[in-house]
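Secondary and tertiary structure notes
Each chain is listed here by its residues.
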Protein chains: 4
Amino acid sequence: NGNAVGGQRKSCWYEEEIEENLRWCFALNSILHTGASQYQDIQLLDTKPFGKALVIDGKLQSAEIDEFVYHESLVHPPLLSHPNPKTIFIMGGGEGSTAREILRHKTVQKLVMCDIDQEVVEFCKSYLAVNREAFCDPRLELVINDARAELERREELYDVIIGDLADPIEGGPCYQLYTKSFYEFTVKPRLSKGGIFVTQAGPAGIFSHTEVFSCIYNTLRQVFSHVVPYSAHIPSYADTWGWVMASDFPLMLNADELDLRIKLRIKGENRYIDGKTFTSASTLSKAVRNSLDNETHVYTEGNARFIYGHGTAYKHK
Amino acid sequence: NGNAVGGQRKSCWYEEEIEENLRWCFALNSILHTGASQYQDIQLLDTKPFGKALVIDGKLQSAEIDEFVYHESLVHPPLLSHPNPKTIFIMGGGEGSTAREILRHKTVQKLVMCDIDQEVVEFCKSYLAVNREAFCDPRLELVINDARAELERREELYDVIIGDLADPIEGGPCYQLYTKSFYEFTVKPRLSKGGIFVTQAGPAGIFSHTEVFSCIYNTLRQVFSHVVPYSAHIPSYADTWGWVMASDFPLMLNADELDLRIKLRIKGENRYIDGKTFTSASTLSKAVRNSLDNETHVYTEGNARFIYGHGTAYKHK
Amino acid sequence: NGNAVGGQRKSCWYEEEIEENLRWCFALNSILHTGASQYQDIQLLDTKPFGKALVIDGKLQSAEIDEFVYHESLVHPPLLSHPNPKTIFIMGGGEGSTAREILRHKTVQKLVMCDIDQEVVEFCKSYLAVNREAFCDPRLELVINDARAELERREELYDVIIGDLADPIEGGPCYQLYTKSFYEFTVKPRLSKGGIFVTQAGPAGIFSHTEVFSCIYNTLRQVFSHVVPYSAHIPSYADTWGWVMASDFPLMLNADELDLRIKLRIKGENRYIDGKTFTSASTLSKAVRNSLDNETHVYTEGNARFIYGHGTAYKHK
Amino acid sequence: NGNAVGGQRKSCWYEEEIEENLRWCFALNSILHTGASQYQDIQLLDTKPFGKALVIDGKLQSAEIDEFVYHESLVHPPLLSHPNPKTIFIMGGGEGSTAREILRHKTVQKLVMCDIDQEVVEFCKSYLAVNREAFCDPRLELVINDARAELERREELYDVIIGDLADPIEGGPCYQLYTKSFYEFTVKPRLSKGGIFVTQAGPAGIFSHTEVFSCIYNTLRQVFSHVVPYSAHIPSYADTWGWVMASDFPLMLNADELDLRIKLRIKGENRYIDGKTFTSASTLSKAVRNSLDNETHVYTEGNARFIYGHGTAYKHK
């Protein structure tokens, strides 16, 4: 027909409002799969700049080319800081990448992954080839349940408990898994001697760290005697991201020793984390350090702090 | 993971630069199919506002919900103005919708559709269910060839010849099918007595009609003694579109007689064209009428006029 | 600094969501002025494709290059259909363009323009040079008030009453100025013998006319014995727009007589409206005609119909 | 008029193509100033997420809220590593922020800033209030010239030479200021004993560091015996950025000593750089470290490597 012709090929775009006034847009090759659970909408996109991207409720969860930065940062520092991590519990993590990184550790004998959303888990199992092996590993016990209920139900102890959850959000149930009382009365009792807790902790950029990172840090400081915040820039998130490790036992953070343990304990080669990388990641910049030192807010059941765009209840926990 | 949650669902968009400074964006449900021929890139998108959309080289060709406005306007006025149209020739039209509308006319005995791009034709045959029946009609003869070469090769005459081509474009071969010499020495000799030529004629809005519509009109005026321009607003094009009918015989345009012929000759019900609609469509507004009356430019081989964005050669003819 | 250099100059854009799934974007030269009243936000933008654009609450009101289509269509058909229009009342119209077109009619002796938003009026007076003369015309009486209250307060009669208001909107007071009871008990009693009412009537495209156009038409049909709907494509609105004229006296619509009256009564030359243009504009296409004929909805105080995006109360009346 | 009303306020956006398939968009408050020099287009925008933003040729140069990260990182590490920096030369830097940070050092007695584009300098002098004081400092000598010509013309030596230039770009002259021969024969001869050279070095993210950062590092390694790369995430750039320091004398990088020198030498308080921040910034992550170690490319006059979008000659040097 008449309206024909061009040359302008990049006509399909994924667009995300990172904040109300800030957009981040990826050219699309295709929309691979779409689905919906009772909790959320799920999409698998094939993007030009970042490869396959998992999008839940219109928010990028992870992108093929740089998810390793997030998942290695979440998993390896706590497992390497522990002298001999055998039993692990993941709250959330339905994508499977956190399990994949954990199962690379030869010390691990048992891994419980507890995600509330069966459809997300099935979707990722079906479509994320990179995690297929992990989902089949006999050490993995997959449970569909609320992470809090599951932890309270269980009697066994874990060497490492990992929070791979959505950020604390207004009106959503997830912030309950970031509160002082949850850490104190649910998580800590389930840690074995020398046990370590780690959680993703939201954006940790020069400005964005005040959204939730500093509060998560400060809340954990109320409950554990050793607390280590760290961060890394993740290109597809257009921000630096944060994690916090916590324990009542001293955390082993020496770069050379970390490198040694990586060599001894982890199958295959890390793409992101090594001793020096962790040294850099856990040495926060002046402004972030000062904010964290001066943070007074503590997450409690009745007193959450929120980040942008999280109006809908999100129960991917 | 942490970046989760939202509520912002319209995250995938098709975006087209209608002009250099003007964009038109549709929310996407999915990217149904993508393909490429030696001439052009082809996409079938499922858009939220306009349904399935055929996009060639990053330019919308036709959208499911309003392609009937374009195709009924292209086909029915010339066929209804003719006393008894039996043989028809389409230059271009690979999408199949033009053929579909022609084949609804009970008078039609033979239809030649000549498109240069086999892959576009195959793509549309496979994916555009609405035209499947037309592609199977025994009256249809489908030819893959350059329309000019095909018309010159053939000796038979046609009651109606239809130009369903891309607009005249810089550096592309299509403008040759809009020139005075082509109309005079290729098209006119292939029209039977009482024969009518019609062509899509580009944007015909209050400003955009000066891009090519007025020139196509003026060029046809040099060759035929009766020339009728008309236009209609097509929502998915974000513009009013134009067509021009031409003949060396008087064209029958009476609204009541058109309505009568529609009833007698066309199977099924038109969604757009009837007598009054055509009366309105062929009564141009003051500004457009004045431009057309005063247009002096004539398309010749060495002197084309172009519209935006058409830098790549386009041979869908 | 390092991030330098490009060639990509069209970096600033105005973006409007025409519908939830449809965006319309203009490259920007500059943001000329911004303001706010108690009712709404006001912006004057300098856009590349459409010149200066007045935007209220994020919605384009009118654009320099094609506002004449809207304002000539709103004003000239009713004034020309009237044998001798001397007194006119505008509900809304704070931009000044409607007044400008009215004041071109030599017959007009008195014009009341009643807009509720003083800031919008002041903003347009200051920044829209094209209407400056109109705002200074001694025949103009400018009133800041609710149009309904003002009409009810006044005792004089008007030859033409013009509704230049926002569309009927959910939760907003403007729909009250589109109801049967308002037309019957407020507007009609203020029309002189032979008096004509006209209102803008929202989008009137092949699909969009069902949003409000058909209902406004049907509502007026309950109150007046002669009702004439008409429409025109306005490029900057990316749609065809509608208006409805109504009277208890026959409306003069003959194209030649309209042309004669234009010559006799209007100073300067119309850019859009003449006899043939109006004939075309008032001859609706088949689908729209059928919808209007079959529309049964009538606007009443308790039963409005709405169009997209109009969640905020809007009192620009 | 009819098209009114909304609630959608974020209608004006700045949009930048960071890469061909990646866009970064800021909501706009206003377009403060626009200008053009013989070399480039200049805009000062007021953005919602990042404050005032200087845009040159459609590329963000620096944003009000985080330019301190870039400029403190460029200036303070080399000046603090030097025992007593008195004379400084900036190549480029027309914005004035680099000069502002340098002039905070009490040791500095003379600062030459050499930018080729007088209009950019005048524009920034007029509109960037934050640098007004720096532009008036009697220690500043502002020269409009090509940086290479100026360095070659001068006979005096500098304690620190700073490259605040655009990235090496295809077809542009700036890559000449990143070549081995320029460093060897123009820069090094102008450094005093113990002198330090530093340059911005383009994107340094987990993937983007291979565009130019690793090559700049490797090129400097051919010329200087001590070379220190470092990086920091800059939110408005949507990436981690890199710098490289180089000297033929050992560089002082001890965190405590850096903190001490900051206290003794710098007026006011740094917002970004302190000892620990620099330790983290100069400890690169595993992937980046490996790339830098294995980089073999050396910039020479005839063999540049380029980054996206830099098609136009850029001479802001």
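Residues numbered from 1 in each chain as written. Chains lettered and ligands numbered in written order. Predicted model: local features only at pLDDT ≥ 70, side-chain atom pairs only at ≥ 80, totals over all residues. Heavy atoms only, no water.

1. Observations concerning the overall build of chain A
Filter applied, for reference: Helix and strand definitions here come from DSSP, where helices need a minimum of 4 consecutive H or I residues and strands a minimum of 2 consecutive E residues; each element is numbered from the N-terminal end. To get the radius of gyration, use the C-alpha atoms; to get the globule rule, take the number of residues to the power 0.38 and multiply by 2.2 Å. For each residue, the accessible area found with a 1.4 Å probe, counting protein chains only, is set against the maximum for its type, and the residue is called buried under 20%, exposed over 50%, and partly exposed in between. Charged residues are defined narrowly, with Lys and Arg counted positive, Asp and Glu counted negative, and His plus the chain ends left uncounted. Working definition for charges: the position is that of NZ of Lys, CZ of Arg, CG of Asp or CD of Glu.
Within chain A, the regular secondary structure consists of ten helices and twelve strands. Its C-alpha radius of gyration of 19 Å places chain A within 12% of the 20 Å reference for a compact globule of 317 residues. On the principal axes, the C-alpha backbone points of chain A span a range of 75 × 45 × 40 Å. The burial tally for chain A puts 68% of its 317 residues in the buried class. One finds the centroid of the 33 positive side-chain charges in chain A at a distance of 5 Å from the centroid of its 42 negative side-chain charges.

2. Here's the deal with the sheet that holds strand E11 (residues 226-234) of chain D
Residues and elements named next belong to chain D. Which entries qualify depends on this criterion: For two strands to be treated as a pair, DSSP must find at least two bridges joining them. Here, axes are lines fitted to C-alpha atoms. For helices the fit covers the stretch in contact, and angles between N-to-C directions go from 0 to 180 degrees. Should any heavy atoms of two residues lie within 4.5 Å, those residues are considered in contact.
Read from one edge to the other, the open sheet built from seven strands follows the order E8-E7-E6-E9-E10-E12-E11, with strand pairing classed as mixed. Every interior strand has two partners, whereas the edge strands, strand E8 (140-144) and E11, have only one. Strand-to-strand, the axes of this sheet are offset by a mean angle of 15°, without reference to chain direction. Docked against the sheet, helix H6 (residues 180-187) engages strand E6 (87-92), strand E9 (158-164) and strand E10 (191-203), running at close to 155° with respect to E10.

3. With respect to the pairing of strand E12 (residues 239-247) of chain A
Residues and elements named next belong to chain A. Of all nine residues making up E12, nine are buried, and the element is well covered by its neighbours. Note: strand E10 (residues 191-203) against E12, six bridges, orientation antiparallel. Each residue of the ladder has a partner; that of phenylalanine 197, found in E12, is alanine 246. Two strands pair when backbone bridges link them, and strand E11 (residues 226-234) and E12 are joined in this way by nine bridges, in the antiparallel orientation. Counted as the bridge partner of histidine 233 is threonine 240 from E12. Hairpin connection, E11 to E12: the antiparallel pair is bridged by four residues, and alanine 238 has positive phi, about 55°.

4. Things to note about the domain arrangement of chain A
Residues and elements named next belong to chain A. Under the convention used in this document: For every domain, the bounds stem from an assignment made automatically or drawn from a database. The term buried area refers to how much accessible surface (probe radius 1.4 Å) is lost by two components on association, counted for both of them together. Salt bridges are counted wherever a side-chain nitrogen of Lys or Arg sits within 4 Å of a carboxyl oxygen of Asp or Glu. Pairs of N or O atoms within 3.5 Å make up the polar contacts considered here, provided that, within protein, one atom can donate a hydrogen while the other can accept it, and that residues adjacent in sequence are counted only when both atoms are side-chain atoms.
When cut into domains, chain A gives domain 1 (13-63) and domain 2 (67-294). Here the C-alpha centre of domain 2 lies 23 Å away from the C-alpha centre of domain 1. Both faces considered, domain 1 and domain 2 share a buried interface measuring about 1500 Å² in area, 68% of it formed by carbon and sulfur atoms. Where domain 1 meets domain 2, there are zero salt bridges. Put simply, domain 1 and domain 2 have seven residue pairs in polar contact (both at pLDDT 80 or more) between them.

5. What to know about unusual backbone geometry
Residues and elements named next belong to chain A. The phi dihedral of aspartate 57 falls on the positive side, at around 50°, and the residue is not glycine. Structurally, aspartate 57 can be placed in the loop between strand E4 (51-56) and strand E5 (59-63). When its relative accessible area of 1% is taken as the criterion, aspartate 57 is described as buried. Positive phi is not limited to glycine here, since alanine 238 has a value of about 55°. You can see alanine 238 is positioned in the loop between E11 and E12. With relative accessibility at 6%, the residue alanine 238 sits in the buried group.

6. Topic: the pattern of salt bridges
Residues and elements named next belong to chain D. Within the structure shown, the criterion is met by 76 salt bridges over all chains. Between arginine 154 and glutamate 141 there is a salt bridge, with the nearest N and O atoms lying 2.7 Å from each other. Of this pair, arginine 154 sits in the loop between helix H5 (147-153) and E9 while glutamate 141 sits in strand E8, and the two are 13 residues apart along the sequence. A residue is classified by how much of its surface remains accessible, and glutamate 141, at 30% relative accessible area, is partly exposed.

7. Comments concerning the packing of helix H7 (residues 213-221) of chain D against helix H10 (residues 286-294) of chain D
Residue and element names in this part refer to chain D. Our working definition: An angle below 35 degrees is read as roughly parallel, one above 145 as roughly antiparallel, one from 65 to 115 as roughly perpendicular, and any other as oblique. Should the near helix be turned counterclockwise from the far one by less than a right angle, the crossing is left-handed, whereas a clockwise turn marks it as right-handed.
Across the interface, H7 lies against H10 with an axial gap of 9 Å and an inter-helix angle of 45°. In terms of their interaxial angle, H7 and H10 are classed as oblique. Crossing angle aside, the handedness with which H7 passes H10 is right-handed. When H7 is examined against H10, the residues Phe213, Ser214, Tyr217 and Arg221 are found in contact with a partner set consisting of Val288, Ser291, Leu292 and Asp293.

8. Remarks on the packing of aromatic side chains
Heads up, the rule is: Between 30 and 60 degrees the pair is tilted, below 30 it is stacked and above 60 it is edge-to-face, where a pair is any two Phe, Tyr or Trp rings, Trp via its six-membered ring, whose centres lie within 6.5 Å. Each ring is checked for a lysine NZ or an arginine CZ that lies within 6 Å of its centre and within 35 degrees of its normal; such an atom marks a charge sitting over the ring.
Inspection of the entire model under this criterion finds 59 aromatic pairs over all chains. Ring centres of tyrosine 230 of chain D and tryptophan 243 of chain D lie 5.7 Å apart, and the angle between their planes is 25°; on these two criteria the pair is classed as stacked. Of the two residues, tyrosine 230 of chain D sits in strand E11 while tryptophan 243 of chain D sits in strand E12 (residues 239-247), which places them 13 residues apart along the sequence. Residue class for tyrosine 230 of chain D comes out buried when judged on its relative accessible area of 0%. Residue classification places tryptophan 243 of chain D among the buried residues on the basis of a relative accessible area of 0%. Three or more aromatic residues joined by ring pairs make a cluster, and in this case those are Tyr14, Trp24, Phe26 and Phe50 of chain A together with Tyr14, Trp24, Phe26 and Phe50 of chain D. Its guanidinium or amino end placed over the ring of phenylalanine 68 of chain B, arginine 271 of chain B lies 3.9 Å from that ring's centre, counting from NZ or CZ.

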